[in-house]
Amino acid sequence: MAENPRTDSFLNPKDHRIGIYIKWPYLVAFTLLALAPVAMAWTQYFTMGLPSLPDSPKINPESFNDPIGFPAWLRINHFVNFFLMVLLVRSGLSILVDHPRLYWNDHCTLGSEWIRFTPIVVPKDSVWTAKQDSRYLSPWIGLPGFRHTVGIARIWHFLSAFFWFANGLIFVGLLFCTNQWKRLVPMDFQIFLDAWSVQVHYATFHLPVEPNGFYKYNPLQQLSYFGVVFGIAPVTFLTGLAMSPAIDNRFKWFPYLFGGRQCARSIHFLALLGYLGFLVPHVTMVIITGFAQNMNHIVFGTDDTNPMGMIVGLSAIGLVAAFCVFANWFSWKYPRWLQLVSRTIIGFFKRLFVNKMESVVQYKKENISPYFWPNGNLPTCDEWKNLSANNFKDYRLKVFGLVENPIELSLDDMEKIAKQDQITMHHCIQGWSGIAHWGGIPLQKIIEMVKPHKDVKTVVFHSYGEGLHGGEYYDTLTIYNAQHQLTLLAFEMNYERLPLLYGAPLRLRAENQLGFKMVKWIKSIEFVTSEKSVGKGFGGKNEDDEYYPMLANI
Ligand SMILES: Nc1nc2c(c(=O)[nH]1)N[C@H]1C(S)=C(S)[C@@H](COP(=O)(O)O)O[C@H]1N2
Ligand SMILES: [Mo]
């Protein structure tokens, strides 16, 4: 199980240069947005002077009705949140650079990205696959780092997202079960005006007299905490869900709450910038407004200047850093364990919500993407080349395994049996999407013809092509997913015979799954009782080698 992440086959692609290239209108817009509150503050300061602030009366704890100090649950919750956010950000960055481009359109058309994290401008006249385009980060930044695979990064991201969400629910729940909500929720309009006055002070380098955060936050502080908890956090969660193929192809409106699947991905990234934009001033203020006392507030729940809060707090941050080192090491050494742990924990969540979602969403002809990213390597075997030389006239799809009636079908046979057309959105695990028309035979028709045995649970799709690290590309569907209405063996794309690059003669479409399940260049289909008997037994070439999930619906 031990594998060396530095070996060549894992440093894929070899060229993994990173850079940040943002289109200038966006750079200008973001800069203006960031500078506007500063410029407005200076203007006000020069024209009207410093605004007055509400005074912070000396608080007498005996007669104080609002929350006093920070109870243990809140302090623990704050630390758990910090720990999980570190994992989320590090794994999230690894996922981001697996398709290092962000768009505001569903199609991911070449050149339409508003920001890219790669120096590479994709050539328009030669094949450039999404896998070639992927990047990976240094382990100082990314989790796991080095290995290009998005599989492990997603495992960390989803595991931490799962606990982060639970932690967030507990936080908000207890906030309202106690009187702690009074610290955060704005109760009158005056607080917005006061927050602005505080901003004028900060932006012009005037530190106002701070209230003691043990009893009360300053207005700007309160609003920014409120914005993070009740604004950015839910947006992060929802835009994360809006990238799921099962959810998007079940509820069309959902990703369009954010403008579509790629907008959701862009907003998910902007939310990260939002957190960082909060974190930097937050930590700065904690340090400059009385570091020792502030640390005691959040570490021990006490209100004094004893250095113990600093010592224990900084040690806890050290522990988080140590865990990051451990997480990278564990990811390289025992990726299979991670895959199995995430199957159990994330599998539980998926069983509750997404596993039974059947795709229904279809698009119109005018929605078809002008460009569709390709993935995978064209088959190199003679068998496929010979078939291709003859336009696949001699191609016979072999359907075998635990079935009553094994069959072989030519493309013409399939077309005569049944032809279904669908225009659907494809979701690649790397992050890109695209809309295309697919024409082919519903898999259900073939299942009816071959009559699988009662104990068949899994359908295997064998390809003429090879995986990234060599060996037959294959994948599996559960018999349940194989019978969906939109599960199709496609021999047409965009109203023409399936092009070679996109999987000729035959490819799978399973719209509630991620792209890697949709085997191209299909050679044969096998019915088995369990995925364990095929390949390394994890349900597909990518599941075997890249630790991808077997049920790929988020
Ligand atoms: N045989 C084979 N099928 C494959 C792959 C591959 O590498 N080999 N890549 C998968 C992945 S990761 C995706 S996203 C889709 C891409 O399909 P496209 O090339 O039509 O965009 O094909 C899937 N099917
Ligand atoms: Mo993919």
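This is a predicted model, so every value here is computed, not measured. (Residues numbered from 1 in each chain as written. Chains lettered and ligands numbered in written order. Predicted model: local features only at pLDDT ≥ 70, side-chain atom pairs only at ≥ 80, totals over all residues. Heavy atoms only, no water.)

S.K.: Sorry, what's going on with the overall build of the protein chain here?
M.R.: Each helix and strand counted, the protein chain has 18 helices and 13 strands in total. Counting only C-alpha atoms, the protein chain reaches 90 × 45 × 40 Å along its principal axes. When contacts within the protein chain are restricted to residue pairs at least 6 apart in sequence, long-range pairs at least 24 apart make up 74% of them. Accessible surface, the protein chain: about 25,500 Å² in total, of which carbon and sulfur atoms supply 65%. Computed over 48 positive and 42 negative side-chain charges, the inter-centroid distance for the protein chain is 1 Å. (Helix = DSSP H or I, 4+ residues; strand = E, 2+ residues; numbered from the N terminus. Contact = heavy atoms within 4.5 Å. Areas by Shrake-Rupley, 256 points an atom, 1.4 Å probe, with all protein chains shown as cover. Lys, Arg positive; Asp, Glu negative; His and termini not counted. Charge placed at Lys NZ, Arg CZ, Asp CG, Glu CD.)

S.K.: Where do I start with the site of ligand 1 in this structure?
M.R.: Taken together, 18 residues form the shell around ligand 1, and within it Trp373, Asn375, Arg507, Met518 and Lys520 come nearest. Note that an oxygen atom of ligand 1 is positioned 2.5 Å from one of the backbone N or O atoms of Trp373. Here the residues of the shell around ligand 1 are counted per class, giving eleven nonpolar, five polar and two charged. (Near = heavy atom within 4 Å. Polar contact = N/O pair within 3.5 Å; in protein donor to acceptor, adjacent residues only side chain to side chain. Nonpolar A, V, L, I, M, F, W, Y, C, P; charged D, E, K, R; others polar.)

S.K.: Which parts of the structure should I look at to understand the sheet that holds strand β13 (residues 522-528)?
M.R.: Strands belonging to one sheet form pairs held by backbone hydrogen bonds; the direction of such a pair is parallel or antiparallel. Pairing is mixed across the open sheet formed by five strands, whose spatial order is β5-β4-β13-β8-β9. A strand with exactly one partner marks an edge of an open sheet, and here the two such strands are β5 (407-409) and β9 (472-478). Ignoring which end each strand starts from, the neighbouring axes of this sheet average 20 degrees apart. (Pairing = 2+ DSSP bridges. Axes fitted to C-alpha atoms, helices over the stretch in contact; angles between N-to-C directions.)

S.K.: Sorry if this is basic, but what is going on with the state of the cysteines here?
M.R.: Think of a disulfide as a covalent bridge from one cysteine sulfur atom to another cysteine sulfur atom. Counted according to the given criterion, the structure contains zero disulfides. Residue Cys263 stays outside any disulfide, its sulfur separated by 10 Å from that of Cys108, the closest cysteine. (Disulfide = S-S within 2.5 Å.)

S.K.: Looking at this model, I keep getting lost on the sheet that holds strand β2 (residues 101-102). Mind explaining?
M.R.: What the three strands build is an open sheet, ordered β1-β3-β2; its pairing is antiparallel. Of all strands in the sheet, those bounded by a partner on one side alone are β1 (21-22) and β2. As defined by bridge partners, β2 adjoins strand β3 (residues 115-116) across two bridges and the pair is classed as antiparallel. Within β3, the position partnered with Leu102 by the bridge is Ile115.

S.K.: Sorry, what's going on with the packing of helix α2 (residues 72-96) against helix α12 (residues 308-333) here?
M.R.: Axes are the key here: two packed helices are described by the angle between their axes and the distance separating the axes. Packing of α2 against α12 brings their axes to within 11 Å, and their N-to-C directions diverge by 35 degrees. Where α2 crosses over α12, the handedness of that crossing is right-handed. Judged by residue contacts, Phe79, Phe82, Phe83, Val86, Leu87 and Arg90 of α2 engage Ala316, Ile317, Val320, Phe323, Cys324 and Asn328 from α12. Its residues placed into classes, the contact of α2 with α12 shows ten nonpolar, one polar and one charged. (Left-handed = near helix turned anticlockwise from the far one by under 90°.)

S.K.: Please explain the packing of aromatic side chains as it appears in this structure.
M.R.: Centre distance and the angle of the planes are the two values used to describe a pair of aromatic rings. Per the counting criterion, the structure on display carries 43 aromatic pairs. An angle of 40 degrees between the planes, with centres 5.7 Å apart, marks the rings of Phe146 and Trp332 as tilted. Note that Phe146 is positioned in the loop between α3 (130-133) and α4 (150-177) and Trp332 in helix α12, a separation of 186 residues in sequence. No difference in accessibility class separates Phe146 from Trp332, as the two residues are buried. Each member of the aromatic cluster is reached from another via a ring pair, and the members are Phe83, Trp156, Phe323, Phe326, Trp329, Phe330, Tyr334 and Trp337. Between the NZ or CZ atom of Arg336 and the centre of the ring of Phe538, over which it lies, the distance is 3.9 Å. (Phe/Tyr/Trp six-rings, centres within 6.5 Å; stacked < 30°, edge-to-face > 60°. Buried < 20%, exposed > 50% of the residue type's maximum accessible area, 1.4 Å probe, protein only. Lys NZ or Arg CZ within 6 Å of the ring centre and 35° of its normal.)

S.K.: I keep staring at the environment of Glu366 and nothing clicks. Help me out?
M.R.: Note that Glu366 resides in the loop between α13 (335-352) and α14 (382-389). Judged by its relative accessible area of 63%, Glu366 is exposed. Measuring from C-alpha to C-alpha, the distance between Glu366 and Ile435 comes to 10.0 Å, with 69 residues separating the pair along the chain.

S.K.: Got a minute to help me understand the side chain of Asn218 in this structure?
M.R.: Checked against the element boundaries, Asn218 lands in the loop between α6 (190-203) and α7 (219-241). On the basis of relative accessible area, Asn218 is assigned to the buried category, the value being 5%. Within the structure, Asn218 has its side chain in polar contact with the backbone nitrogen of Leu220 (distance 2.8 Å). Within polar-contact distance, the side chain of Asn218 engages the backbone nitrogen of Gln221 at 2.9 Å. Beyond its immediate stretch of four places on either side in the chain, Asn218 contacts Val198, Tyr202, Glu210 and Pro211.

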